[in-house]
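Structural overview
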Amino acid sequence: MKVVVTDYIEPDLEWEAGKLAEWGVEFAPHQLKFAPHEDVAAATSDADVVVVNMVPITRQLVETWARCRTVIRHGVGYDNVDLKALDDAGIPLCYIPDYCVEEVAEQAIALIFASARRVVSTRKVLDESSAAGRWDFKDAIPIFRMAGQKLGIIGCGRIGSRVYEKLKSFGFKFLVCDPYLSDERRLELGIETVDKETVFREADLITIHTPLTPETRHMVNRGTLALMKPTAYIVNTARGGMVDVEALADALQQRRIAGAAVDVYETEPPTADYPLFGERNAILTPHLAWYSENAGMRIREIILLEIERAMNGLPPRYIANSVKSVRKTAEVRR
Ligand SMILES: NC(=O)c1ccc[n+]([C@@H]2O[C@H](COP(=O)([O-])OP(=O)(O)OC[C@H]3O[C@@H](n4cnc5c(N)ncnc54)[C@H](O)[C@@H]3O)[C@@H](O)[C@H]2O)c1
């Protein structure tokens, strides 16, 4: 059996190499994030298992594979993978939604608090006023007490519901929007849901936790930003595509809203002309919400577990497409 890694974010994959060698598995790690299709196709052509981080898994690529039986996406989202192409090839897409729920919830909360307490922009106020020999807070205000404010949560799945549970004791009033939440889960959490417009119109702080879908793409746009209170903040740790960033930059410049905190970008890394880079009321982090030393190791352990499952003909724990079983090694396609 051969495992090919198309691209990875770890400093090295020595730990995986050691484990797979013990199991007698051939292992070929690559860094092909920006490589042309031909190079990715050549590297993956004889893989039984493909582990991918950001490389696009296109139909053109999948059609070059002779024996692949599982694709493992290193992460939660899988918008770089053509699910239909994998369906047609009979290959399940394994994704890993459960390695960093705590971390992303913690990051969203950190950004909510940093926004509401203006932690980043008040540092600039301190620097500037100290440099001028003044002690001047006027550029730091207004700040409102968080207790009693309305916190909008859009998307109440693994991460959104964890944000809710962690923040329950902080005195927020919650406005939760998730049209797909089951009644059972809603009752379990003890929440009522509202529509998206209500969240945009009434919330003081909004945190987004939906997947990127045609429905959620540019959910934050000129129209929804126009509904928001001028004192409101928006936090996005989900996917960059959820936000029309030009519209958000305009809203910040025109003080249509008070601020934004963003961990994710439509293009990653964002280019130097990214509209929020010069924006004083934007807090920007480099798509690191998922990261902690704990989560970084946990995902590596889970990927090895998934490789082991594939070796034993077991389907992945979480499958993103409609193929629910794994071919045995011998059943190569051509
Ligand atoms: N920044 C990071 O490092 C990082 C790490 C992990 C996950 N994420 C992102 O966080 C997001 C949430 O992940 P999750 O694991 O909680 O996903 P999840 O699938 O568990 O939950 C998503 C929820 O969104 C709801 N939803 C779908 N469409 C909706 C809509 N139009 N309006 C409102 N709700 C809608 C679903 O019903 C579901 O309950 C994803 O976009 C994921 O890619 C980011």
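Report on the accompanying structure.

How each quantity is defined
- Residues numbered from 1 in each chain as written.
- Predicted model: local features only at pLDDT ≥ 70, side-chain atom pairs only at ≥ 80, totals over all residues.
- Heavy atoms only, no water.
- Near = heavy atom within 4 Å.
- Polar contact = N/O pair within 3.5 Å; in protein donor to acceptor, adjacent residues only side chain to side chain.
- Areas by Shrake-Rupley, 256 points an atom, 1.4 Å probe, with all protein chains shown as cover.
- Nonpolar A, V, L, I, M, F, W, Y, C, P; charged D, E, K, R; others polar.
- Salt bridge = Lys/Arg side-chain N within 4 Å of Asp/Glu carboxyl O.
- Helix = DSSP H or I, 4+ residues; strand = E, 2+ residues; numbered from the N terminus.
- Buried < 20%, exposed > 50% of the residue type's maximum accessible area, 1.4 Å probe, protein only.
- 1 Å grid on protein atoms, 1.4 Å probe; cavity = no way out; pocket = protein on both sides within 12 Å on 5 of 7 lines; lining within 4 Å.
- Points joined across faces, edges and corners; volume = space filled by probe spheres on them.
- Pairing = 2+ DSSP bridges.
- Contact = heavy atoms within 4.5 Å.
- Axes fitted to C-alpha atoms, helices over the stretch in contact; angles between N-to-C directions.

Re the site of the ligand
Neighbouring the ligand are 26 residues, the closest being Arg158, Ile159, Asp178, Thr210 and Thr237. Between the ligand and Thr237, the relevant distance is 2.9 Å, taken from a nitrogen atom to a main-chain nitrogen or oxygen of the residue. Within the complex, the protein chains bury 88% of what would otherwise be the 860 Å² of accessible surface of the ligand. Its residues assigned to classes, the shell around the ligand shows 14 nonpolar, 7 polar and 5 charged.

Some words on the pattern of salt bridges
A full pass over the atoms with the stated rule returns 26 salt bridges. Notably, a salt bridge pairs Lys166 with Glu102, separated by 2.7 Å at the nearest N-O pair. One end of the pair, Lys166, is in helix α7 (residues 158-167); the other, Glu102, is in helix α5 (residues 101-116), with 64 residues separating them in the sequence. A residue is classified by how much of its surface remains accessible, and Lys166, at 26% relative accessible area, is partly exposed. Residue Glu102 is classed as partly exposed on the basis of its relative accessible area of 29%.

Notes on the layout of surface pockets
Within this model, the second largest pocket holds a volume of roughly 390 Å³. The wall of the second largest pocket is formed by 20 residues, among which Met54, Asp79, Tyr265, Glu266 and Glu268 lie closest to the centre.

Remarks on the sheet that holds strand β4 (residues 70-73)
Taken together, 5 strands build an open sheet; the order of strands is β2-β1-β3-β4-β5 and the sheet is parallel. Here the strands that pair on one side only, and so sit at the sheet edges, are β2 (26-29) and β5 (93-94). As defined by bridge partners, β4 adjoins β5 across 2 bridges and the pair is classed as parallel. For Val71, the partnering residue across the bridge sits in β5 and is Leu93. Sitting on the sheet, helix α12 (residues 293-311) touches β1 (2-5), β3 (49-52), β4 and β5, and the angle it makes with β4 is about 170 degrees.

Notes on the environment of Thr213
By the secondary structure assignment, Thr213 is in the loop between β8 (205-208) and α10 (222-227). Given a relative accessible area of 27%, Thr213 falls into the partly exposed group. Residues Thr213 and Arg239 lie 26 residues apart in sequence; the distance between their C-alpha atoms is 9.9 Å.

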